[in-house]
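Residue-level listing of the chains:
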Amino acid sequence: SVISRSEWGARAPKSTQTIGSRVRYIIHHSTGPSCFSRSACVSRVRSIQNYHLSKWDDIGYNFLVGEDGNAYEGRGWNIKGAHAGPLYNSNSIGICVIGDFTSSSPNAAALRKVQALIKCGVDSGNLTATYKLHGHRDVSNTECNGDRFYRVITEWPNYSRTP
Ligand SMILES: *[C@@H]1O[C@H](CO)[C@@H](O)[C@H](O)[C@H]1NC(C)=O
Ligand SMILES: *[C@@H]1O[C@H](CO)[C@@H](O)[C@H](O)[C@H]1NC(C)=O
Ligand SMILES: [Zn+2]
C-alpha cells in the first residue's frame, strides 16, 4: 500500500504527461535529512515537492520511500517523472529513498518497502517482467543514489549497470 497524494497533502501538478512503456526502475536518494515517522516523512515529501515545483511540473519522482517504512505516491505509475533526464524519464519509474545514503544504507524497513514496490509494479502490469533496475548514477553523471545504498541495489534482482 502507498500513501496517496491526498493523504500527504500534495499540491496540484502544473501539468502531466502520460508515461510510455515502463521497462526500468531508477533508484535515487533525496540527500538531506532522513525521516523515521510518518509525520516527519510527510513533511519531507511536502518540502521536496515545494522545491521541485519551483523548477518542474510536480515532485520529480514516481514514488518516495521513508525509513518509517512507508511509500509515498509522487507522480505514480502512469505519469512521466522528472528524475533521470529526457532519455529515461519516459520509460522508467523513479523511486527515491528519503535521506543521504553516501555512508550508510537505508534501514531494513525502507529497503523492504522499495522491494515490495518493485514487485507490485510487475504484479500489477505496470512494469515489464523483464525490467532492468539501475541506480541514478548508471544513467547520469551523479553520485545519486549514494555510495552505500548503490552497493545494496547492485545485489538486487535485475540490477544492470548498463541501461
Ligand atoms: C497499475 O497500477 C495501478 C495501481 O496499482 C492499477 O490500478 C493498474 O491497473 C495497473 N496497471 C496498469 C497497466 O496501469
Ligand atoms: C528479471 O529479468 C528477467 C529477464 O531479463 C526476467 O525473466 C525476470 O522475470 C525478471 N524479474 C525478476 C524479479 O527477476
Ligand atoms: Zn537521483
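Not measured: the values here are computed from a predicted model. (Residues numbered from 1 in each chain as written. Chains lettered and ligands numbered in written order. Predicted model: local features only at pLDDT ≥ 70, side-chain atom pairs only at ≥ 80, totals over all residues. Heavy atoms only, no water.)

### Let's talk about the side chain of N91
Part 1 of the reasoning: As for its position among the elements, N91 is in the loop between helix 3 (86-89) and strand 4 (92-97).
Part 2 of the reasoning: Within the structure, N91 has its side chain in polar contact with the side chain of R24 (distance 3.2 Å).
Part 3 of the reasoning: What N91 contacts, discounting residues up to four positions off in sequence, is S21, R22, V23 and R24. (Helix = DSSP H or I, 4+ residues; strand = E, 2+ residues; numbered from the N terminus. Polar contact = N/O pair within 3.5 Å; in protein donor to acceptor, adjacent residues only side chain to side chain. Contact = heavy atoms within 4.5 Å.)

### A closer look at the state of the cysteines
Part 1 of the reasoning: Applying the stated criterion across every chain, the model contains one disulfide.
Part 2 of the reasoning: Disulfide pairing is shown between C35 and C41; the S-S distance is 2.1 Å. Taking the sign of the S-S torsion, about 105 degrees here, the bridge from C35 to C41 comes out right-handed. Residues C35 and C41 agree in their burial class; the two are buried. (Disulfide = S-S within 2.5 Å. Buried < 20%, exposed > 50% of the residue type's maximum accessible area, 1.4 Å probe, protein only.)

### Here we look at the sheet that holds strand 5 (residues 132-135)
Part 1 of the reasoning: Strand order in the open sheet formed by five strands is 3-2-4-1-5, with mixed pairing between adjacent strands. The open sheet is flanked by strand 3 (71-73) and strand 5, the only strands paired with a single partner. Across the sheet, the axes of successive neighbouring strands diverge by a mean angle of 25 degrees, strand direction being ignored.
Part 2 of the reasoning: One ladder, built from six bridges, connects strand 1 (residues 24-29) with strand 4; its direction is parallel. Residue pairing for strand 4: R24 is matched across the bridge by S92. (Pairing = 2+ DSSP bridges. Axes fitted to C-alpha atoms, helices over the stretch in contact; angles between N-to-C directions.)

### Examining the site of ligand 2
Part 1 of the reasoning: Taken together, A129, T130, Y131, P157 and N158 make up all the residues around ligand 2.
Part 2 of the reasoning: The backbone of A129 places a nitrogen or oxygen atom 3.4 Å from a nitrogen atom of ligand 2.
Part 3 of the reasoning: For ligand 2, an oxygen atom lies 2.5 Å from a polar atom in the side chain of N158.
Part 4 of the reasoning: Protein contact buries 42% of the 360 Å² of open area that ligand 2 shows by itself. (Near = heavy atom within 4 Å. Areas by Shrake-Rupley, 256 points an atom, 1.4 Å probe, with all protein chains shown as cover.)

### Some thoughts on the UniProt feature "domain: N-acetylmuramoyl-L-alanine amidase" (unreviewed entry) in the chain
Part 1 of the reasoning: Mapped onto the present numbering, the UniProt feature "domain: N-acetylmuramoyl-L-alanine amidase" (unreviewed entry) falls on residues 11-146.
Part 2 of the reasoning: A helix fraction of 26% and a strand fraction of 16% characterise residues 11-146, whose end C-alpha atoms lie 28 Å from each other. (UniProt positions renumbered as here; feature names shortened; annotations may be inferred.)

### Let's talk about the coordination of the zinc ion (ligand 3)
Part 1 of the reasoning: Protein coordination at the zinc ion (ligand 3) comes from H28 (ND1), H136 (ND1) and C144 (SG), with a distance range of 2.1 to 2.3 Å.
Part 2 of the reasoning: Each donor residue of the zinc ion (ligand 3) lies on one chain, and together they are spaced H-x107-H-x7-C.
Part 3 of the reasoning: A relative accessible area of 12% places H136 in the buried class. (Donors = N, O, S within 2.8 Å, 3.2 Å for Na, K, Ca; no water.)

### Examining the site of ligand 1
Part 1 of the reasoning: Around ligand 1 sit W77, N78, S124, G125 and N126, and that is every residue in its neighbourhood.
Part 2 of the reasoning: S124 places a main-chain nitrogen or oxygen 3.0 Å from a nitrogen atom of ligand 1.
Part 3 of the reasoning: Between N126 and ligand 1, the recorded distance is 2.2 Å, taken from a side-chain N or O atom to an oxygen atom.
Part 4 of the reasoning: With the chains in place, 42% of the 360 Å² that ligand 1 exposes on its own is no longer accessible.
Part 5 of the reasoning: When its residues are assigned to classes, the shell around ligand 1 shows one nonpolar, four polar and no charged. (Nonpolar A, V, L, I, M, F, W, Y, C, P; charged D, E, K, R; others polar.)

### Examining the UniProt feature "domain: Peptidoglycan recognition protein family" (unreviewed entry) in the chain
Part 1 of the reasoning: Look at the UniProt record and you will see "domain: Peptidoglycan recognition protein family" (unreviewed entry) annotated at residues 1-140.
Part 2 of the reasoning: Secondary structure within residues 1-140 divides into 29% helix and 16% strand; the distance between the first and last C-alpha atoms comes to 30 Å.

### So, the packing of aromatic side chains
Part 1 of the reasoning: This structure, assessed with the given rule, holds four aromatic pairs.
Part 2 of the reasoning: Both rings, one in Y150 and one in Y159, keep their centres 6.1 Å apart while their planes meet at 80 degrees; by these two values the pair is edge-to-face. Each member of the pair, Y150 as well as Y159, carries the same accessibility label: buried.
Part 3 of the reasoning: Against the face of Y150 rests R137, its NZ or CZ located 4.5 Å from the ring centre. (Phe/Tyr/Trp six-rings, centres within 6.5 Å; stacked < 30°, edge-to-face > 60°. Lys NZ or Arg CZ within 6 Å of the ring centre and 35° of its normal.)

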